[in-house]
Structures are given as C-alpha cells and as structure tokens.
Amino acid sequence: MKFEDYKQYLSPALAKSTDLVIKSGKGLYITDADGKTYIDCVQGIAVNALGHCHPAVVEAITRQAGLLINGSFNMANFESTLQLAKKLAEVAPGNLSSIFFSNGGAEANDGAMKLAKACSKRTSIIAFKGSFHGRTVGATSVTASNSKYRKYCEPQMGGVYFATYPSRDLCPKGFDAEQRSEYCLNDLKSLFAYVVAPETVAAILMEPVQGEGGYVVPPQSFVKGVRELCDQYGILLIFDEIQSGYGRTGKMFAGENFDVVPDIMTVGKAIAGGLPMSAIVSTPEIMEEWHPGMHGTTFGGNPVCAAAGLAVLEQFEQLHILDNVNQMGAYLKSNLLTLQKKYPFMYDVRGLGLMLAVEYAHEDGTPAPEIWATCRKACLDAGMMTLNCGVNGNGQRFATPLNITKDEVDKVLEVYEIGLKAV
Ligand SMILES: Cc1ncc(COP(=O)(O)O)c(C=O)c1O
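Residues numbered from 1 in each chain as written. Predicted model: local features only at pLDDT ≥ 70, side-chain atom pairs only at ≥ 80, totals over all residues. Heavy atoms only, no water.

Trainee: Mind showing me how you'd approach the site of the ligand here?
Mentor: Surrounding the ligand, one finds Gly104, Gly105, Ala106, Asn109, Phe132, His133, Gly134, Glu207, Asp240, Ile242, Gln243 and Lys269. One of the side-chain nitrogen or oxygen atoms of Asp240 is found 2.7 Å away from a nitrogen atom of the ligand. Within the contact set of the ligand, an oxygen atom lies 2.8 Å away from a side-chain nitrogen or oxygen of Gln243. Computed on the free molecule, the ligand has an accessible area of 390 Å², of which 79% lies beneath the protein chains in the complex. Per-element accounting of the shell around the ligand gives the leading share, three residues, to helix H4 (residues 105–120). (Near = heavy atom within 4 Å. Polar contact = N/O pair within 3.5 Å; in protein donor to acceptor, adjacent residues only side chain to side chain. Areas by Shrake-Rupley, 256 points an atom, 1.4 Å probe, with all protein chains shown as cover. Helix = DSSP H or I, 4+ residues; strand = E, 2+ residues; numbered from the N terminus.)

And the structure:
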C-alpha cells in the first residue's frame, strides 16, 4: 500500500513529514507496508510509554473489548474507569485526587480552563510564549509555540494574555538560567501591573517542561516563583503535563522536578498506552465547583482506554519505569553530549529523563532547521523515524519508549550518528 494513492482523500492540514504507511509496531520498532523496519523515536509523539503493542497493554485492551467497548461515563460507571481514577489519584502529587476523563490533550486543557474559571469566578487566563496546548479553538488561543498554529483562528478565546517563558530564544541574549528566571518573573509582574489585574485572572497555564516549544526546562526558581505569584493573587496554577507527564522526565509528573504542585493538572498522551484518553486532575475542593452538567463527554472515560491505562500503571510499577527513565535518560544524554563535542552544530543538548532534545544552530548561534532536515532524512533512510521541535524547527526530540533498554539506546545512537555524519 502506498500513501501516494490515498493522499488525495486526506486533508493536507496534517504536516506529515514522511510517506510511511506503518503496518505494525513492537516496542521501539515499527514496520511499514513494504516490510521495512524502522526505529521509532517518535512513538506517536511521546504516546507509547511502553513502546508499540506492549503485551500487557494488548492483553488488557483485548480482554476489556470482549466485555464492554462503550457505555456512557456521563450516565453510568465502568469498573476499569473507576479503578483507573483511583490509581491516577494515587500517583498524582499533593491532593490532586479528583479526576475528569476526556479524550485528548486539547480537550483536557479546554476543560481545565473551564474548571478554573468556574471555580474562581474569574475570566482571564495567562499562558506562555513557546507553549503548545492543542488544536481546539480554546487550546489554540493559549498556544504560542508558533504563530502558524493560530493563523486565521481569529477571533480566539478572549481574556488570554501571554507572558515570557524562560527559554533562551525568548530572553535577552547571554542571560544565564537565573537571569532568565528573574526576567520572566518580572515580565509576569509587569503584565499584572500594566495589562491584566491579577484579581481577574482565573489561572496561569504552563507546561512545567515545554514540549513542542523545544523541550525547554525552566529554572526551579521560575516555577516556584510562578507558584508564589499564584498563591499571592489567588490564581489557580494549571500544569499541562500532557507531554511532560507520566514518567517522561524521570518523575511521574514533571512538576515534581521543581517541587511544585499545581492546582489543576492535565494528563494525556501516555496515559492509555496509545489509546486516546486524557484527564483533568484537581483537588476535590476545586472540582466541587464544577456542578453536574457544567462539563461532560461522550467518549471520555472509555472502558477499553481505561483498561489500557490500568495496564500502563501496573507495568510502571512492575518494570520500575521511573528508574529506567532516569538511568537510560542519563545514558542517552551523556552520549549526546559526547557527540556534541564531535559535531559542534549540535548547539544545545537538553532535557530531563527521556525528554531529551538536541538543538541545531550555526556557529553564530542562529537556528539551523536545514541541519535538522538533513539529519532527519539520513536517519530515515538509515531506518529511524525522528521528530523536530522548537519555533524554528531546529530541535530534534528523542521520544523513545520509557522502557527502552541500553542496547536499544545504543542502536538509536548508532543510526543518529549516521544522520549527523550526513550533515
Ligand atoms: C503539552 C501538550 N499539550 C497539549 C497537547 C495536545 O494534545 P492532543 O493532540 O492530544 O490534543 C500536546 C500535543 O502534542 C502537548 O504536547
């Protein structure tokens, strides 16, 4: 089967970077319709926490599909979904123990903003430049990782203000991490002073580690500073953990790296081992303000997705996934840093756990998306699918499964160096 023969039936809106027709997947690997096998460093964009078709996930899906595929979680309850709610509440930080299940990241973020407004009776939302929160009109309105995502989406949701995230791209040249933190906290304070009265702000929405925006890890002082400003003004802090959560950074949720607990957290991508599911997680006190009927869903809380989600969390425990992420993340990062010495166009190697990215730039530091393009093509020809990030498209993400082995990391590195040599 060739993509070319079917392309005419699909909207070109999806920016497909390959023509691959994937027929099957197993762990780190995918096989296309022609029988060629590739290493998959995309994994559904950080979705398959345990790689493709993990046997425990497949077994859970198959078992549940034979029992019940759908009812309506709006009206009744399913065993697997109830159990997942309890488990998710147990692994969530602080008192975040009340769950609303939905289907995807954007929908969860829309819901989280509705919840924050309902609870606070305030109307404004502050988000950050460089952020990506999804593709619905609501989520697009708070997304600023690239203006192309917002093109012709006017009028957007009102009451949204953007502050500066402490990434190198967005701060004055030459600033170190602490200077960036101070600069961005001041930016937030000046937003309060000049643009939006803090007592009208329902929530500050942020990715504790920016994903699409370039796998940017903020300084702890910044994340703590945002939490303090929220506390000072009674603003709810929403962490979008859709990409950074579920073990990807070596902690169950990325916010834990900074010792900061949000008031509301959105979870998606990895939650159901590849099936579409997301969740809004908050405290019982905040959720109580969302009265019956103020939010709802047809598919959210699907029992098959929940069964897969339970299998994922069971495997996290059995396989000591967080330990593996920390060990394999450190191993991959140290090897990337070694490669950086050999290939100076690897301008930056950054990230936490297995949320790692390489940024390509010219000698003067200007972004080099063409280096990414050359590397990506050579990697694909050599049998590895990769993904970029960052406003200039010059970052390369490594979104491997979280149960990746050392041998598999070595294979990733081997093919990656073929890509680097092609540059
Ligand atoms: C941080 C973050 N939030 C939200 C989303 C949107 O999720 P979805 O595509 O499932 O709507 C994404 C998707 O990449 C994401 O990375």
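Having put the structure on the table, let's press on.
Trainee: What is the right way to look at the sheet that holds strand E13 (residues 384–385) in this model?
Mentor: Taken together, four strands build an open sheet; the order of strands is E1-E2-E3-E13 and the sheet is mixed. For this open sheet the edge positions go to strand E1 (22–26) and E13, each flanked by a neighbour on one side alone. Relative to strand E2 (residues 29–32), E1 is paired through four bridges, and the arrangement is antiparallel. In the sheet register, Lys26 faces E2, and the bridge partner there is Tyr29. (Pairing = 2+ DSSP bridges.)

Trainee: What is the right way to read the nonpolar core from this model?
Mentor: Soluble, globular proteins show a tendency: their nonpolar side chains are buried together. If you look at the biggest cluster of nonpolar residues, it comprises 61 residues, and the most contacted ones within it are Tyr246, Phe316, Leu336, Met346, Tyr360, Tyr416 and Leu420. For this core, the element with the most residues is helix H9 (residues 303–318), which contributes nine residues. Those residues within four positions of Met346 in sequence are excluded, and the remaining contacts are Leu336, Leu339, Gln340, Val358, Glu359, Tyr360, Tyr416 and Leu420. Core analysis: the next-biggest nonpolar cluster, separate from the first, contains 33 residues, Cys171, Leu229, Cys230 and Met355 among them. (Core = buried A, V, L, I, M, F, W, Y, C linked by side-chain atoms within 4.5 Å. Buried < 20%, exposed > 50% of the residue type's maximum accessible area, 1.4 Å probe, protein only. Contact = heavy atoms within 4.5 Å.)

Trainee: Would you mind going over the environment of Pro208 with me for this structure?
Mentor: Position of Pro208 relative to the elements: it lies in the loop between strand E7 (201–206) and helix H7 (220–233). Residue classification places Pro208 among the buried positions, given a relative accessible area of 0%. C-alpha separation for the pair Pro208 and Ser244, spaced 36 residues apart in sequence, amounts to 7.3 Å. The residues contacting Pro208, other than those within four sequence positions of it, are Tyr165, Pro218, Phe239, Asp240, Glu241, Ser244, Ala254, Gly255 and Phe258.

Trainee: What is the right way to read the pattern of salt bridges from this model?
Mentor: Two side chains bearing opposite charge may form a pair once their charged atoms approach each other closely. By the definition in use, this model includes 14 salt bridges. Across the salt bridge formed by Asp348 and Arg168, the nearest N and O atoms sit 3.6 Å from each other. Taken together, the positions of Asp348 in strand E11 (residues 346–352) and Arg168 in the loop between strand E6 (160–163) and helix H6 (177–194) put the pair 180 residues apart, joining distant regions of the chain. Its relative accessible area of 36% is what places Arg168 among the partly exposed residues. One salt bridge connects Asp381 with Lys377, and the closest N-O pair in it is separated by 2.8 Å. Here Asp381 and its partner Lys377 are both found in helix H11 (residues 369–381), four residues apart, which amounts to about one turn of the helix. Each of the salt bridges in this network shares a partner with another, and the network as a whole consists of Arg168, Asp348, Arg350 and Glu359. (Salt bridge = Lys/Arg side-chain N within 4 Å of Asp/Glu carboxyl O.)

Trainee: I tried to follow the packing of aromatic side chains on my own but got confused; where do I start?
Mentor: Aromatic ring pairs are described here by two measures, namely the spacing of the ring centres and the angle between the planes. If you walk through the whole model with that rule in mind, you get 13 aromatic pairs. Where Phe345 meets Tyr360, the ring centres are 6.2 Å apart and the plane angle is 40°; that geometry is what we call tilted. In this pair, Phe345 sits in the loop between helix H10 (321–342) and E11 while Tyr360 sits in strand E12 (residues 355–360), placing the two residues 15 residues apart along the sequence. Residues Phe345 and Tyr360 agree in their burial class; the two are buried. Chaining the aromatic ring pairs together yields one cluster made of Phe128, Tyr165 and Phe222. (Phe/Tyr/Trp six-rings, centres within 6.5 Å; stacked < 30°, edge-to-face > 60°.)

Trainee: Explanation requested: the packing of H10 against helix H12 (residues 406–422) in the structure shown.
Mentor: Angle between the axes and distance between the axes are the two parameters that describe a pair of packed helices. Contact pair H10 / H12: the axes reach a minimum separation of 11 Å and the direction vectors enclose 25°. Our classification of the angle between H10 and H12 gives roughly parallel. Seen from above, H10 lies across H12 with right-handed handedness. Residues Met328, Tyr331, Leu332, Asn335, Leu336, Leu339 and Lys342 of H10 pack against Lys406, Val409, Asp410, Leu413, Tyr416, Glu417 and Leu420 of H12. Of the residues contributing to the contact of H10 with H12, the split by class is nine nonpolar, one polar and four charged. (Axes fitted to C-alpha atoms, helices over the stretch in contact; angles between N-to-C directions. Parallel < 35°, antiparallel > 145°, perpendicular 65-115°, else oblique. Left-handed = near helix turned anticlockwise from the far one by under 90°. Nonpolar A, V, L, I, M, F, W, Y, C, P; charged D, E, K, R; others polar.)

Trainee: Help me understand H7, please; the structure alone is not making it clear to me.
Mentor: Residues lying three or four places apart along an α-helix face the same way, a consequence of the helix completing one turn every 3.6 residues. With 14 residues, H7 should cover 20 Å at 1.5 Å per step; its first-to-last C-alpha distance of 20 Å lies within 8% of that length. Tucked inside the fold, the buried residues of H7 contact strand E5 (124–128), H6, E7 and strand E8 (236–240). The positive-phi residue at the C-terminal boundary of H7 is Gly234, with phi of around 65°. (Expected span 1.5 Å × (residues − 1).)

Trainee: Just to check I follow, could you spell out the layout of surface pockets for this structure?
Mentor: Which parts of space are left empty comes out when a probe the size of a water molecule is rolled across the atoms. In this model, the second largest pocket occupies a volume close to 440 Å³. Along the walls of the second largest pocket sit 28 residues, with Ser167, Arg168, Asp169, Val216 and Arg350 positioned nearest its centre. Of the residues belonging to the lining of the second largest pocket, the class tally is 10 nonpolar, 11 polar and seven charged. (1 Å grid on protein atoms, 1.4 Å probe; cavity = no way out; pocket = protein on both sides within 12 Å on 5 of 7 lines; lining within 4 Å. Points joined across faces, edges and corners; volume = space filled by probe spheres on them.)

Trainee: What exactly am I supposed to notice about the sheet that holds strand E10 (residues 278–282) here?
Mentor: Neighbouring strands of a sheet are bound in pairs by backbone hydrogen bonds; such pairs are parallel or else antiparallel. Read across the sheet, seven strands follow the order E4-E10-E9-E8-E7-E5-E6 without closing on themselves; strand pairing throughout is mixed. A single partner strand is all that each edge strand has here, and the edge strands are strand E4 (98–102) and E6. With direction set aside, neighbouring strand axes in the sheet form an average angle of 20°. Inspection of the sheet shows E8 paired to strand E9 (residues 264–267) by three bridges, in the parallel sense. By the bridge assignment, Phe239 is partnered in E9 with Met265. On top of the sheet, helix H3 (residues 79–91) reaches E4 and E10; it is set at about 125° to E4, its chief contact.

Trainee: I would appreciate a short explanation of unusual backbone geometry in the present structure.
Mentor: Peptide bonds are, in most cases, trans, and in most cases residues other than glycine have a negative phi. Residue Pro155 is bonded to the preceding Glu154 through a cis peptide linkage, with omega at -10°. If you trace the backbone, Pro155 turns up in the loop between helix H5 (137–141) and E6. One non-glycine residue, Gln43, adopts positive backbone phi at about 50°. Along the chain, Gln43 turns up in helix H1 (residues 43–46). A positive phi angle, near 60°, is found at Tyr152, a position not held by glycine. By the secondary structure assignment, Tyr152 is in the loop between H5 and E6. Owing to a relative accessible area of 75%, Tyr152 belongs among the exposed residues under this scheme.

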